[in-house]
Amino acid sequence: MTLTVAIQMDHIKSIKIAGDTGFALLLEAQRRGHRVLHYTPDRLSLRDGAVVAMAETIEVRDREGDHFTLGTPERVDLSGVDAVLMRQDPPFDLAYITATHFLERIHPKTLVVNDPAHVRNAPEKIFVTHFPHLMPPTLISRDRQEIEEFRREHGDVVMKPLYGHGGASVFKVGREDPNFGSLYDLFANLFREPWVIQRFLPKITEGDKRIILIDGEAAGAINRVPAANDIRSNMVRGGAAKPTDLTPREREICETIGPDLKRMGLILVGIDVIDGNLTEINVTAPTGIRAIKRLGGPDLAVNVWDVIESKVGR
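Summary of the structure given here. (Residues numbered from 1 in each chain as written. Predicted model: local features only at pLDDT ≥ 70, side-chain atom pairs only at ≥ 80, totals over all residues. Heavy atoms only, no water.)

We now examine the packing of helix α1 (residues 21-31) against helix α9 (residues 300-312). Relative to each other, α1 and α9 sit at 65°, their axes nearing to 9 Å. Crossing geometry of α1 relative to α9 is assigned as right-handed. In this structure, α1 contributes A24, L25, E28 and A29 to the contact, and α9 contributes A301, V302, V304 and W305. Of the residues that constitute the contact of α1 with α9, the class distribution is seven nonpolar, no polar and one charged. (Axes fitted to C-alpha atoms, helices over the stretch in contact; angles between N-to-C directions. Helix = DSSP H or I, 4+ residues; strand = E, 2+ residues; numbered from the N terminus. Left-handed = near helix turned anticlockwise from the far one by under 90°. Contact = heavy atoms within 4.5 Å. Nonpolar A, V, L, I, M, F, W, Y, C, P; charged D, E, K, R; others polar.)

Written out as structure tokens, the structure is:
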């Protein structure tokens, strides 16, 4: 089966291919002989009711600094392609939400991965709260009294922006931390939305496990260990990826949330688990596939394309 596939992503020249899951998907699509079109979100348009993009064909190579060749841009009606991969990085802002509205017009006739309506309706730090029994105690609020009461009950907490990504602006706040007032003022000035306050999990020093689920099934994982003197395990913040296996508790988490992910058309999902606690469900542009393969695990891009081809072929 030869498909025509479009990938909506940050420009291919800007990515770091060693850790980019979108690039792994491009390599596998090319290996299978699919025709792949590349466009950036700012070139997506709604033209007289049609969803179009100024896109170019792309060839990729697994060579840093010489990893792509683009063809000549052309206007493409996306209702005429077989699948669209929505792979641009957050922020999950109004531009991102607008793109989901556009792509919703063509899905499922054109398969969009992940389902754009459910991406829009499943913000990563809110969607996870549908499973409170799997999570650490969590508050989403900007009300100071609520936050103070939560701190009194749980002691050390982590504060982070509701729509943040990549470990940006994540802080640990101690029970009697004299910086709390200043940090509260800073967040109140920077963010119009509520923010996330979670009980601090001391075993973060042992790692934050990224588990990849494909069509609702656990497929692979890495353990991301924070750098010294940091609570953030994100690899873009200095976290180190280590090979890992799933514990019974982690399998329970995956088996609990997997049916909902599959029902919602969330084909490629990355969840974060610290010490048996589910902290995030990442549905926008989850990463980890290349690191899993590099550390001796399976090439999960193969699994993703197997699912895509099976759904397009129905």
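On we go from here.
Now for the pattern of salt bridges. One pass over the structure, following the stated rule, counts 24 salt bridges. One salt bridge in this structure joins D272 and R224, with 2.9 Å as the shortest N-O distance. Residue D272 is located in strand β16 (residues 268-274), and its partner R224 is located in strand β14 (residues 217-225); the two are separated by 48 residues in the primary sequence. Among the ionic pairs, D260 bridges to R263, the shortest N-O distance being 3.4 Å. Placement of the pair is D260 and R263 together in helix α7 (residues 248-263), with a separation of three residues, close to one helical turn. D260 gets classed as partly exposed once you look at its relative accessible area, which sits at 25%. (Salt bridge = Lys/Arg side-chain N within 4 Å of Asp/Glu carboxyl O. Buried < 20%, exposed > 50% of the residue type's maximum accessible area, 1.4 Å probe, protein only.)

Attention shifts here to the sheet that holds strand β9 (residues 138-141). Ordered by their spatial adjacency, four strands build an open sheet running β9-β12-β10-β11, and the pairing between neighbours is antiparallel. Each of the sheet's edge strands pairs with one partner strand only, and the pair in question is β9 and β11 (171-173). Across the sheet, the axes of successive neighbouring strands diverge by a mean angle of 25°, strand direction being ignored. Bridge analysis of strand β10 (residues 157-161) against β11 gives three bridges, and the strand direction is antiparallel. For V158, the partnering residue across the bridge sits in β11 and is K172. Where helix α6 (residues 180-190) meets the sheet, it contacts β10, β11 and β12 (195-199), and its direction lies at approximately 20° from that of β10. (Pairing = 2+ DSSP bridges.)

Before going further, it helps to examine a nonpolar patch on the surface. Residues F171, L186 and L190 make up a contiguous nonpolar surface patch of about 270 Å² in total accessible area. Along the chain, L190 turns up in helix α6. Judged by relative accessible area, L190 falls into the exposed class, the value being 54%. (Patch = residues over 30% accessible without salt bridge, like charges linked within 9 Å, V, L, I, M, F, W, Y side chains within 5 Å. Areas by Shrake-Rupley, 256 points an atom, 1.4 Å probe, with all protein chains shown as cover.)

Here the focus is the packing of aromatic side chains. The final tally for this structure, using the stated rule, is eight aromatic pairs. Measuring from centroid to centroid gives 6.1 Å for F127 and F131, while their planes differ by 75°, and the two rings are edge-to-face. Taking relative accessible area as the criterion, F127 reaches 5% and is therefore assigned buried. Residue classification places F131 among the buried residues on the basis of a relative accessible area of 6%. Pairing F171 with F187 gives two aromatic rings, centres 5.9 Å apart and planes at 65°, and the pair type is edge-to-face. In this pair, F171 is assigned in strand β11 and F187 in helix α6, connecting sequence segments 16 residues apart. Joined through ring pairs, the aromatic side chains of F171, F180, Y184, F187, F191 and W195 make up one cluster. The residue whose ring lies beneath R151 is F180, and the NZ or CZ to ring-centre distance is 4.1 Å. (Phe/Tyr/Trp six-rings, centres within 6.5 Å; stacked < 30°, edge-to-face > 60°. Lys NZ or Arg CZ within 6 Å of the ring centre and 35° of its normal.)

With respect to the secondary-structure elements, R251 resides in helix α7. In this structure R251 comes out as partly exposed when scored by relative accessible area, which is 44%. In the structure, R251 is positioned 48 residues away from D299 in sequence and 20 Å away in space, judged by C-alpha atoms.

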